[in-house]
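Coordinate analysis (summary)
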Amino acid sequence: MAGKVALLLWAQTLGFAGTQTTWIIVEPPWMPAVLWDRVTLTCQGSGTSSATTWYKDGRRWGQQGCDRLTVTENGTYECNRTGTGLSLPVRVSDDWLVLQVPARPLLEGDTVTLRCRDRQNNMVTWVSFYHEEKQLVELRNGTELTLFPLKLHHSGRYHCRGWLKDREWVVSAPVTVTVHVAAGVGGALLFLLLLMGVIVAWHRWHRVAARKQQERAPPDPSPPEEGKVRYTHVVSSKQARRSPDVTVPQDPQETYVELWGSHRQPWEPGDIYGNVL
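What comes next is a walk through the structure. Fair warning: this is a prediction, and the values are worked out from it, not measured in the lab.

Description of the overall build of the chain
Along the backbone of the chain there are three helices and 22 strands. Intrachain contacts of the chain at a sequence separation of at least 6 include 53% that bridge at least 24 residues. A total of about 18,900 Å² of accessible surface is found on the chain, and carbon and sulfur atoms cover 55% of it.

This is the structure:
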């Protein structure tokens, strides 16, 4: 399950980069797949599953419109989704001896295990692993080789050789191992970080713009400070008599005026006078 999820995430990352948009998920997640493992292939990509077409060895295979296929014969399988094109091929082997690698992208720094398997999981001994025809190791009883940490120079063609009971020495078909630079995933993470930075900057700019708009708005009227003059409704009694159109308010109103003494000095608070009209 973990391998399936990892392969799916990687395929989605490649899809963002504009590369392969149709791919095949292999269960169990090993390449090449072997017929005796009851292999299931699932076609993934854009569009609906009803637009899936399977091919085996270049010819149409299986039921049209089904995105899941249970393998019953060895061969090379591909799937096609309308609008996204043909997937990369997946080989299902039925050889006597098979070298398998994990069905996932191999990145620098990863740990990868290569395994040499006999048909139907019969016992195989004296297994040797080869990289570009150069022998790496010979194991009397073991059948697996672990590479850690992966480097770019680990890319290339691998095969294994082993002793099968009643069959003498058998050599597997070569398998190509490709180690990828981890920049693809790093680029996707960088894109996400940049996107988050843009969102944060937009929110900050929005707050600054709102603050400036508040500063430009006219201030709210506030009561006068203590000691200032506040006029409410002042009418001279003489003007009231001369102008019949002016109505003197019935309720008395007060006006407080700060009076200045000699030499333009303010009077003490006790010297403020109330003038009632």
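Resuming the write-up.
Examining the sheet that holds strand E7 (residues 68-70)
Across the sheet, which stays open at both edges, the three strands sit in the order E1-E4-E7 with antiparallel pairing between neighbours. One side of each edge strand has no neighbouring strand; the edge strands of this open sheet are strand E1 (22-27) and E7. With strand direction ignored, the average angle separating the axes of adjacent strands in the sheet is 20 degrees.

Overview of the nonpolar core
Core analysis: the largest hydrophobic core is formed by 20 residues, its most contacted members being Leu97, Leu99, Leu114, Phe129, Leu147 and Cys160. Contributing elements (two or more residues each) for this core: strand E11 (97-102), strand E13 (112-118), strand E14 (124-131), strand E16 (144-147), strand E17 (156-164) and strand E19 (175-177). Setting aside residues up to four positions removed in sequence, leucine 114 forms contacts with Leu99, Gln100, Val101, Phe129, Thr143, Glu144, Leu145, Leu147 and Tyr158. Ranked by size, the runner-up nonpolar core spans 13 residues in total, among them Trp54, Leu69, Val90 and Val92.

Details of the state of the cysteines
Simply put, disulfide is the name for a covalent bond between the sulfur atoms of two cysteines. Evaluated as defined, the whole model comprises two disulfides. With a sulfur-sulfur separation of 2.1 Å, cysteine 43 is cross-linked through a disulfide to cysteine 79. Because the torsion about its S-S bond is 75 degrees, the bridge between cysteine 43 and cysteine 79 counts as right-handed. Of the two residues, cysteine 43 is situated in strand E4 (residues 40-45) and cysteine 79 in strand E8 (residues 75-81); the sequence distance between them amounts to 36 residues. For cysteine 43, a relative accessible area of 0% puts it in the buried group. You can call cysteine 79 buried: its relative accessible area is 0%. Cysteine 116 shares a disulfide with cysteine 160; S-S distance 2.1 Å. Between cysteine 116 and cysteine 160 the sulfur-sulfur dihedral comes to about 70 degrees; the bridge is accordingly right-handed. With cysteine 116 in strand E13 and cysteine 160 in strand E17, this pair connects stretches of sequence that are 44 residues apart. Across the chain, the way the bonded cysteines pair up, counted in sequence order, is 1-2, 3-4.

A short note on the sheet that holds E13
Reading across from one edge, E2-E11-E13-E16 is the order of the four strands in this open sheet, with antiparallel pairing throughout. Only two strands of the sheet have a single neighbouring strand rather than two, namely strand E2 (30-31) and E16. As judged from the four bridges shared by E13 and E16, these two strands associate in the antiparallel manner. Considered in E16, the bridge of valine 112 is made with leucine 147.

Re the environment of serine 155
With respect to the element layout, serine 155 can be found in the loop between E16 and E17. We classify serine 155 as partly exposed; its relative accessible area is 23%. Considering only alpha carbons, one finds serine 155 and valine 177, 22 residues apart in sequence, at a separation of 5.2 Å. Each residue touching serine 155, except ones within four places of it in the same chain, is listed here: His131, Val177, Thr178 and Val179.

Quick notes on the packing of aromatic side chains
Summed over the entire model, instances satisfying the criterion amount to one aromatic pair. Ring geometry for tryptophan 163 and tryptophan 169: centres 5.4 Å apart, planes at 75 degrees, overall edge-to-face. Lying over the aromatic face of tryptophan 61, lysine 56 brings its terminal NZ or CZ to 5.1 Å of the ring centre. Its end group placed over the ring of tryptophan 96, arginine 119 keeps NZ or CZ at 4.7 Å from the ring centre.

So, how was this worked out
Residues numbered from 1 in each chain as written. Predicted model: local features only at pLDDT ≥ 70, side-chain atom pairs only at ≥ 80, totals over all residues. Heavy atoms only, no water. Helix = DSSP H or I, 4+ residues; strand = E, 2+ residues; numbered from the N terminus. Contact = heavy atoms within 4.5 Å. Areas by Shrake-Rupley, 256 points an atom, 1.4 Å probe, with all protein chains shown as cover. Pairing = 2+ DSSP bridges. Axes fitted to C-alpha atoms, helices over the stretch in contact; angles between N-to-C directions. Core = buried A, V, L, I, M, F, W, Y, C linked by side-chain atoms within 4.5 Å. Buried < 20%, exposed > 50% of the residue type's maximum accessible area, 1.4 Å probe, protein only. Disulfide = S-S within 2.5 Å. Phe/Tyr/Trp six-rings, centres within 6.5 Å; stacked < 30°, edge-to-face > 60°. Lys NZ or Arg CZ within 6 Å of the ring centre and 35° of its normal.

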